[in-house]
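Here are the chains, one letter per residue:
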Amino acid sequence: MANTPENCRINYVELNVRDLDKAKAFYGQAFGWTFTDYGPEYTEFSDGAMKGGFTTQQAPSPTGGPLVVLYADKLEAARASVVAAGGAIKLDIFAFPGGRRFHFIDTDGYELAVWSKD
């Protein structure tokens, strides 16, 4: 199977927030973003070109910073590549509505995630 054009590309961004309703009100009013709720702790946003999410599952970082999420056609292969390149797995592969993903720490200490539809 050939790789898709989305393979190994930034595909999604997540921000930890204290209050989903406040975040939705701010970004909706300021930028006209729209939202799809996935339970009481998660909402997906769309700016018309890219999608991302707001979650209350973890506390916001005091220094800020979104979670950058890449897409991979083959999640296990992407996980193996991350480890082989020197990355550390922070959250191993888990299921979520829409697919599966894992989180890793890169060699500079940044946390990123990789997801797949499989």
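What counts, and at which threshold
- Residues numbered from 1 in each chain as written.
- Predicted model: local features only at pLDDT ≥ 70, side-chain atom pairs only at ≥ 80, totals over all residues.
- Heavy atoms only, no water.
- Pairing = 2+ DSSP bridges.
- Helix = DSSP H or I, 4+ residues; strand = E, 2+ residues; numbered from the N terminus.
- Axes fitted to C-alpha atoms, helices over the stretch in contact; angles between N-to-C directions.
- Contact = heavy atoms within 4.5 Å.
- Buried < 20%, exposed > 50% of the residue type's maximum accessible area, 1.4 Å probe, protein only.
- Salt bridge = Lys/Arg side-chain N within 4 Å of Asp/Glu carboxyl O.
- 1 Å grid on protein atoms, 1.4 Å probe; cavity = no way out; pocket = protein on both sides within 12 Å on 5 of 7 lines; lining within 4 Å.
- Points joined across faces, edges and corners; volume = space filled by probe spheres on them.

Undergrad: Could you clarify how one ought to interpret the sheet that holds strand 8 (residues 111-116) in this entry?
TA: Paired through their backbone hydrogen bonds, the strands of a sheet run either parallel or antiparallel. Read across the open sheet, the eight strands follow the order 2-3-4-1-5-8-7-6; overall the sheet is mixed. Where the open sheet ends on each side, the last strands, each with one partner, are strand 2 (34-37) and strand 6 (88-96). Ignoring strand direction, the axes of neighbouring strands in this sheet form an average angle of 25°. As paired elements, strand 2 and strand 3 (residues 42-46) share four bridges and run antiparallel to each other. Looking across to strand 3, one finds that Phe35 is bridged to Phe45. Taken strand by strand, helix 2 (residues 75-84) contacts strand 6, strand 7 (99-105) and strand 8, and its axis lies near 5° from that of strand 7.

Undergrad: Quick question: what am I supposed to make of the environment of Lys117 here?
TA: Looking at the secondary structure, you find Lys117 in the segment after strand 8. Residue classification places Lys117 among the exposed residues on the basis of a relative accessible area of 61%. Along the primary structure Lys117 and Tyr71 are separated by 46 residues, whereas in three dimensions their C-alpha atoms are 8.7 Å apart. Excluding anything up to four places from it in sequence, Lys117 contacts Tyr71, Gly98 and Gly99.

Undergrad: Quick question: what am I supposed to make of the pattern of salt bridges here?
TA: Pairing is possible between side chains of opposite charge, provided their charged atoms come close. The final tally for this structure, using the stated rule, is seven salt bridges. Close ionic contact of Arg101 with Glu14 constitutes a salt bridge, the shortest N to O distance being 2.8 Å. Remark: Glu14 occurs in strand 1 (residues 9-16) and Arg101 occurs in strand 7; sequence separation between them is 87 residues. Taking relative accessible area as the criterion, Arg101 reaches 10% and is therefore assigned buried. On the basis of relative accessibility, which here comes to 7%, the residue Glu14 falls in the buried class. Residue Asp92 is joined to Arg79 by a salt bridge in which the shortest nitrogen-to-oxygen separation is 2.7 Å. You can see Asp92 sitting in strand 6 and its partner Arg79 sitting in helix 2, a full 13 residues away along the chain. According to the relative accessible area criterion, Asp92 is partly exposed, its value standing at 43%. Since its relative accessible area comes to 25%, Arg79 is described here as partly exposed.

Undergrad: Whenever I open this one, the layout of surface pockets confuses me. Can you help?
TA: A probe as big as a water molecule, rolled over the atoms, marks out the empty space that is left. In this model, the largest pocket occupies a volume close to 950 Å³. Lining of the largest pocket is provided by 34 residues; of these, Glu14, Tyr42, Thr55, Leu67 and Arg101 occupy positions nearest its centre. Sorting the residues of the lining of the largest pocket by element identifies strand 1, strand 3, strand 4 (51-55), strand 5 (67-71), strand 6, strand 7 and strand 8 as the ones contributing at least two each. Tallying contributions element by element places strand 1 first for the lining of the largest pocket, with five residues.

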